[in-house]
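Here is how the chains run, residue by residue.
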Number of protein chains: 2
Amino acid sequence: MTKIRKIQLNENDMPTQWYNIQADMPNPLLPLLHPGTKQPIQPADLEPLFAQALIEQEVSKERYIDIPEEVLDIYKLYRPTPMHRAYNLEKILGTPAKIYYKNESVSPPGSHKPNTAIPQAYYNYKQGVKKMTTETGAGQWGSALSFATNFFGIECKVFMVKVSYQQKPYRKSMMNLWNGSVIPSPSMETNAGRGFLAEDPDCPGSLGIAISEAIEVAATHDDTKYSLGSVLNHVLLHQTIIGLEALKQLEMAGDYPDLVIGPFGGGSNFGGLSFPFLRHNFTEGKKTRCIAVESTSCPKLTKGKFEYDFGDTAGMTPLIPMYTLGHTFIPPSIHAGGLRYHGAGAIVSQLLKDGLIEASAVAQTESFEAAVTFARAEGMIPAPETSHAIAQVIREANMAKQEGVSKNILFNFSGHGLLDMGAYDEYFTNHLLVK
Amino acid sequence: MTKIRKIQLNENDMPTQWYNIQADMPNPLLPLLHPGTKQPIQPADLEPLFAQALIEQEVSKERYIDIPEEVLDIYKLYRPTPMHRAYNLEKILGTPAKIYYKNESVSPPGSHKPNTAIPQAYYNYKQGVKKMTTETGAGQWGSALSFATNFFGIECKVFMVKVSYQQKPYRKSMMNLWNGSVIPSPSMETNAGRGFLAEDPDCPGSLGIAISEAIEVAATHDDTKYSLGSVLNHVLLHQTIIGLEALKQLEMAGDYPDLVIGPFGGGSNFGGLSFPFLRHNFTEGKKTRCIAVESTSCPKLTKGKFEYDFGDTAGMTPLIPMYTLGHTFIPPSIHAGGLRYHGAGAIVSQLLKDGLIEASAVAQTESFEAAVTFARAEGMIPAPETSHAIAQVIREANMAKQEGVSKNILFNFSGHGLLDMGAYDEYFTNHLLVK
């Protein structure tokens, strides 16, 4: 009997709707507040920044939302993505747990990020938008949006956190190849950027600062909209295709997860995988534990407060009800740039507050140890963000071993680390700046 | 009606045998000659360098050879690989041709190379070998052998062509991650290396030189065997899993190729895809044109001579009947390191001499133009080697357009270019050293 390592869906079996968890949350979201009036914002307030269809999705209570045909067609350049059973890792750990991972690294930009970049570019294109701006940390999101806008003839300008811009030059090249332009942030192109540079000319940047810059450009140009790669409800909605595929694939394998684990920056990676399983918790009495894994360098879920805060550093966004470290918090320069964000999206924050999901934090060194173990066992080289989830998987698999209990663990292999090899070098030579 | 972009095989449908074209070639291969005596070599002459099972495969006339269960199991970490229909590229070119590509870039090292690295490591492991040496150009092969030997606890030492070692530091990191050690070649570790450095201290290296170094280490150490990533018959044999899968996938799509195109360094990439189709030419009267695409900087197929020559620069290998530019030829420093080899494997050389396959050459600039067109159309970023095949595909698709004839074109997307983004930068900024 040969092991089946990969569970593949056919394109015809790919989900054709996203799942909207707002339809099933026991407690509804608190409203976003206008930064000026502190009153609940109206959809119209968001129109300078976002395409109409995305604003509708942001507040929708529809349980399932159709994926446009044009989006499905581009998804099929890399979706459905494979699910793997990590037999080698199980064996090395000597765990009775079964470990499955959903491999989102097969997309051309190398992560799950195009799942929302493609529909965001599409809805903007349908509305006649010619230019889009965004921010990026490690470069995964900026690459994804460049990849997506390129298909629709939209110009893309990416503000990239300066420390990542310096650490990961190949990410810039990749964005350029897909016709995106890249600016290290903080930059002299915006009032926000000039302000941060005046305070600290050596500022390494952060996602919060880059968001301020990208929003400013969109807000001050009529032909330009803004795009966010995580945090917002519509972003998490688009990412649920990951979990919807995973549900089908686990069903093919005859399994259901006891644990669902995803790395956590703003919520899109974790939410995308876990929400379809949480639905079964809410509506079918399942008891899957869903664990969001953040960096100990940026511990908003495990050490932050639930309160209204800005999504960006300069305070230009609506006030969001979320777990936050404060919008002026600038995290240490860990390699997992995608986890360097001060807050958590509203949905995930509400779920955590209500005790419906769990959170955990992993230090950078433990994440690289886990990454190396994984790469030697399964071959695939994880992105630094993904490695945080793997560290948690290893903790849980070891606990299952101690307890002598089998568990089904599913995690999101959200991206590969091929453009992060310099970070592995630092780990091997004991040169990581942050332990 | 939605387009089906990807044709996926299930693991259960993966081929369980390799195809050996030696069983069906109209003219048999000329023998390899002993470098000292100039007489046909005996299998025993190769035993210092290669595991017994590989030597047997080198001279076998069996049509199909079983893939060991342990090899199939590791193949399944990334195989079967997807086949894609390049609808977007077809549309951009406005061609009536159908373009399919076999995506070998999904392996953890990012190319087709593990297809032979895994069985080579396995047969050496079965024979009790503890150490292996090899050479690598752009780093694809060295990564693949490090990846493979890691599963079997074999130490791996890789001599990496110096110019590539400098251009592609991330490849070194990747080999280290999989427990491989990497030495820039020419090096001071071998007599061969010291000799080349004495002649030219700035020698950029070449595959031929690196082979000399790796062979010397294996030949002078009893516990060490050598491994080659292309050229040899057993290497091409292992790679036929690509074409065998492709046959099944095209059958699923209801198509059969008029043209099969692969980039050409030593033959493993091209042979792996094309040999199962050539079999149908030989035995079923099919007329598929199989085109090997080399670099104009290293034109052994289109401008070389068919004669006995050494496989390495120092003249340590058996004499091989092949198309060659001479074993002392050092190609210009193009980014497609895998194409920088002076000769062609014996099987491909014999097939070309007999008029059973075709050859074509592409200049570096044309290859990058093709790569950019492809990446913007299909998303995937090709390796520089792969880009040479894509350039030929575009030529053929344009010809089909001019002639107004539909053709089915299949090519080998043999590797991704994620670790070659610096080369794309040079292309975009007009800094390519070789046009």
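This text follows the structure it describes.
Since we're looking at a predicted model, the values are computed, not measured. (Residues numbered from 1 in each chain as written. Chains lettered and ligands numbered in written order. Predicted model: local features only at pLDDT ≥ 70, side-chain atom pairs only at ≥ 80, totals over all residues. Heavy atoms only, no water.)

Caption draft 1: Region of interest: the interface of chain A and chain B. Across the contact, 49 residues belong to chain A and 49 residues belong to chain B. Around 4300 Å² of area is buried between chain A and chain B when both sides are counted, 54% of it from carbon and sulfur atoms. Of all residues in chain A, Tyr-170, Leu-177 and Arg-376 of chain A give up the largest surface area on contact with chain B, accounting jointly for 17% of the area buried on that side. Applying the counting rule to chain A against chain B returns six salt bridges. Here Asp-73 of chain B and Lys-3 of chain A are joined by a salt bridge, their closest N and O atoms 3.5 Å apart. Linking chain A with chain B are 24 residue pairs in polar contact (both at pLDDT 80 or more), by the criterion used here. Here the side of chain A that touches chain B is built from residues that sort into 23 nonpolar, 14 polar and 12 charged. (Contact = heavy atoms within 4.5 Å. Buried area = accessible area lost by both parts, 1.4 Å probe. Salt bridge = Lys/Arg side-chain N within 4 Å of Asp/Glu carboxyl O. Polar contact = N/O pair within 3.5 Å; in protein donor to acceptor, adjacent residues only side chain to side chain. Nonpolar A, V, L, I, M, F, W, Y, C, P; charged D, E, K, R; others polar.)

Caption draft 2: A look at the relation of the copies chain A and chain B. Structural alignment of chain A on chain B gives an RMSD of 0.0 Å, achieved by rotating through 180° and translating 0.0 Å along the axis. A rotation of that kind, with that shift, is consistent with a two-fold axis. (Least-squares fit on C-alpha atoms with pLDDT ≥ 70 in both.)

Caption draft 3: Region of the structure containing the packing of helix 11 (residues 268-284) of chain A against helix 13 (residues 346-353) of chain A. All names here are of chain A. Contact pair helix 11 / helix 13: the axes reach a minimum separation of 12 Å and the direction vectors enclose 45°. When the axis of helix 11 is compared with that of helix 13, the two are oblique. Remark: the crossing between helix 11 and helix 13 carries left-handed chirality. Between helix 11 and helix 13, the contacting residues are Phe-270, Phe-275, Leu-278 and Phe-282 on the first element and Ile-347, Val-348 and Leu-351 on the second. Classifying every residue of the contact of helix 11 with helix 13 gives seven nonpolar, no polar and no charged. (Axes fitted to C-alpha atoms, helices over the stretch in contact; angles between N-to-C directions. Helix = DSSP H or I, 4+ residues; strand = E, 2+ residues; numbered from the N terminus. Parallel < 35°, antiparallel > 145°, perpendicular 65-115°, else oblique. Left-handed = near helix turned anticlockwise from the far one by under 90°.)

Caption draft 4: Looking closely at the sheet that holds strand 1 (residues 6-7) of chain B. Residues and elements named next belong to chain B. Here we have seven strands laid out as an open sheet, ordered 1-4-5-15-10-11-14, and mixed in their pairing. The open sheet is flanked by strand 1 and strand 14 (358-362), the only strands paired with a single partner. The pairing of strand 1 with strand 4 (residues 83-85) spans two bridges and is classified as antiparallel. Within strand 4, the position partnered with Ile-7 by the bridge is Met-83. Packing against the sheet, helix 10 (residues 233-253) makes contact with strand 1, strand 4, strand 5 (98-103) and strand 15 (408-413), and its axis sits at approximately 140° to strand 5. (Pairing = 2+ DSSP bridges.)

Caption draft 5: Broad picture of the pairing of strand 5 of chain B. All names here are of chain B. With five of six residues buried, strand 5 is to be regarded as a mostly interior element. In terms of strand pairing, strand 5 meets strand 15 through six bridges, oriented parallel. Across the sheet, the residue bridging to Tyr-101 is Phe-411, located in strand 15. (Buried < 20%, exposed > 50% of the residue type's maximum accessible area, 1.4 Å probe, protein only.)

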